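So you can see what is in the structure, the chains are spelled out below.
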Amino acid sequence: MGYLYFNFQYLLFMLPAVALSFIAQIMVKSTFSRYSRVMNRRGMTGAMAAEQVLWANHVPGIQFRHISGNLSDHFDPRSRTIALSDGVYNQATIAAVGVAAHEAGHAVQHEQGYWPIRVRSALVPVTQIGSNLATPLILIGLILPVQYDFVIYLGIALYCLVVLFQVVTLPVEFNASARAIRALEEGGILDGEELRGAKKVLRAAALTYLAAAFSALLSVLYYLMIAGNRRNRS
């Protein structure tokens, strides 16, 4: 019973989330790959586009860093740095511009005090604790006699912090993409079919966050089901 988390029943229960995650990853890779082969008419690189987004939103003092990897782009609010990957930093493609503008959108969120990103930032340390302790506590609780079920529920409560973080992440990511598309359109960086291509890239990326939130929610429901069934059998 203690290893129920890893069993076939869990895999069946999580199958919809696994399928959604698989589809999301395929869509991200294929869409990014497709629009990484399409140059934008202005010849603007990802780094240049991000600078334009920051300038249009009056966000000063943001540094840029070229990093290795694929789709490893991110904004670090602590160092006020936008890190752009090989396929984005110096590339003048529609995909590069869309991804870079999205990361610039996160910088604008921090500068303007967008409240969901403040909540997400505050949740980071407690979420790390919850993700590290939740599963061990649930497994230990399953091994212990039923009168110690509070250990399982403590683990579930900690895992709920992970769910909350994933849920709060959704508006943060959607809003960053909306800011990016608006800046690209209003600044004349992309237009017409180019803008539609950037939207497709960002929508595909957003699906990965939906999949993560759905997976975390299903995990909590499964743990609650285990705890309830265990108590009913006792």
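Residues numbered from 1 in each chain as written. Predicted model: local features only at pLDDT ≥ 70, side-chain atom pairs only at ≥ 80, totals over all residues. Heavy atoms only, no water.

(A) Layout of the packing of helix α4 (residues 94–112) against helix α6 (residues 149–186). The contact between α4 and α6 brings their axes to 7 Å, and the two run at 110 degrees. Judged by the inter-axis angle, α4 sits roughly perpendicular to α6. Note that α4 runs across α6; the crossing there is right-handed. Mapping the contact onto sequence places Val97, Gly98, Ala101, His102, Gly105, His106, Val108, Gln109 and Gln112 in α4 and Val172, Glu173, Asn175, Ala176, Ser177, Arg179, Ala180 and Leu184 in α6. Counted by class, the contact of α4 with α6 contains seven nonpolar, eight polar and two charged residues. (Axes fitted to C-alpha atoms, helices over the stretch in contact; angles between N-to-C directions. Helix = DSSP H or I, 4+ residues; strand = E, 2+ residues; numbered from the N terminus. Parallel < 35°, antiparallel > 145°, perpendicular 65-115°, else oblique. Left-handed = near helix turned anticlockwise from the far one by under 90°. Contact = heavy atoms within 4.5 Å. Nonpolar A, V, L, I, M, F, W, Y, C, P; charged D, E, K, R; others polar.)

(B) View of a positive patch on the surface. Where like charges cluster on the molecular surface, the positive patch consists of Arg34, Arg37, Lys199, Lys200 and Arg203. At three residues, helix α7 (residues 192–233) tops the list of elements feeding residues into the positive patch. As for its position among the elements, arginine 34 is in helix α2 (residues 15–35). The class of arginine 34 is partly exposed, set by a relative accessible area of 45%. (Patch = residues over 30% accessible without salt bridge, like charges linked within 9 Å, V, L, I, M, F, W, Y side chains within 5 Å. Areas by Shrake-Rupley, 256 points an atom, 1.4 Å probe, with all protein chains shown as cover. Salt bridge = Lys/Arg side-chain N within 4 Å of Asp/Glu carboxyl O. Lys, Arg positive; Asp, Glu negative; His and termini not counted. Charge placed at Lys NZ, Arg CZ, Asp CG, Glu CD. Buried < 20%, exposed > 50% of the residue type's maximum accessible area, 1.4 Å probe, protein only.)

(C) Geometry of the packing of helix α3 (residues 46–56) against α4. At a minimum axis distance of 8 Å, the contact between α3 and α4 shows a crossing angle of 35 degrees. Considering how the two elements wind past one another, α3 and α4 form a crossing that is right-handed. Contacts between α3 and α4 involve Gly46, Ala49, Ala50, Val53 and Leu54 from the first element and Ala96, Val97, Ala100, Ala101, Ala104, Ala107 and Val108 from the second. Considering only residue class, the contact of α3 with α4 consists of eleven nonpolar, one polar and no charged.

(D) A look at a nonpolar patch on the surface. There is a patch of nonpolar side chains on the surface, built from Phe8, Leu11, Leu12, Leu15 and Val18 and spanning about 530 Å² of accessible area. Breaking the nonpolar patch down by element, the ones donating at least two residues are α1 (8–13) and α2. Top contributing element to the nonpolar patch by residue count: α1, with three residues. Among the structural elements, leucine 11 can be located in helix α1.

(E) Broad picture of the nonpolar core. Judged by nonpolar contacts, the single largest core of 34 residues is most densely connected at Leu54, Ile62, Ile82, Val88, Leu184 and Leu190. Going through the elements one at a time, α2, α3, β3 (81–84), α4, α6 and α7 are the ones with two or more residues in this core. Sorting elements by how many residues they give to this core places α4 first, with ten residues. If near-sequence neighbours (up to four positions away) are discounted, leucine 184 is found in contact with Val97, Gly98, Ala101, Ile189, Leu190, Leu195 and Ala198. Listed in part, the 20 residues of the second largest apolar core include Leu158, Tyr159, Ala216 and Tyr223. (Core = buried A, V, L, I, M, F, W, Y, C linked by side-chain atoms within 4.5 Å.)

(F) Spotlight on helix α5 (residues 115–143). In this model, α5 (29 residues) spans 41 Å end to end at C-alpha, consistent with the 42 Å of a helix rising 1.5 Å per residue. Roughly 45 degrees is the biggest bend found in α5, and it falls at valine 124, with proline proline 125 one to four residues downstream. (Expected span 1.5 Å × (residues − 1). Bend = angle between axes of the 7 residues up to and from the residue.)

(G) A look at the pairing of β3. The alternating pattern of β3 places Thr81 and Ala83 and Ile82 and Leu84 on opposite faces, both of which are buried. Summarising the sheet, strand β1 (residues 63–66) and β3 pair through four bridges and their orientation is parallel. Paired with arginine 65 across the strands is alanine 83, a residue of β3. Pairing between strand β2 (residues 74–76) and β3: three bridges, direction antiparallel. Looking at the pairing, aspartate 76 lines up with threonine 81 of β3. (Pairing = 2+ DSSP bridges.)

(H) Broad picture of the confidence of the model for the protein. For the protein, the average pLDDT comes to 92, and 96% of its residues sit at 70 or higher. Per-element confidence in the protein ranges from a low mean pLDDT of 79 for α1 to a high of 98 for β3. Confidence over residues 1–6 falls short of pLDDT 50; this stretch has 17 contacts with residues more than four positions distant or in other chains. (pLDDT = per-residue confidence, 0-100.)

(I) Structural context of α2. Under the 1.5 Å per step criterion, the end-to-end length of α2 is 30 Å for 21 residues, consistent within 8% with the ideal 30 Å. Of all the positions in α2, only Ala17, Ala24, Val28, Thr31, Phe32 and Tyr35 are classed as buried. Angular distribution of buried residues about the axis of α2 spans 95 degrees; they occupy a single face of the element. Of the exposed residues in α2, the ones pointing more than 90 degrees away from its buried face are Phe22 and Lys29. (Arc of directions from axis to C-beta.)

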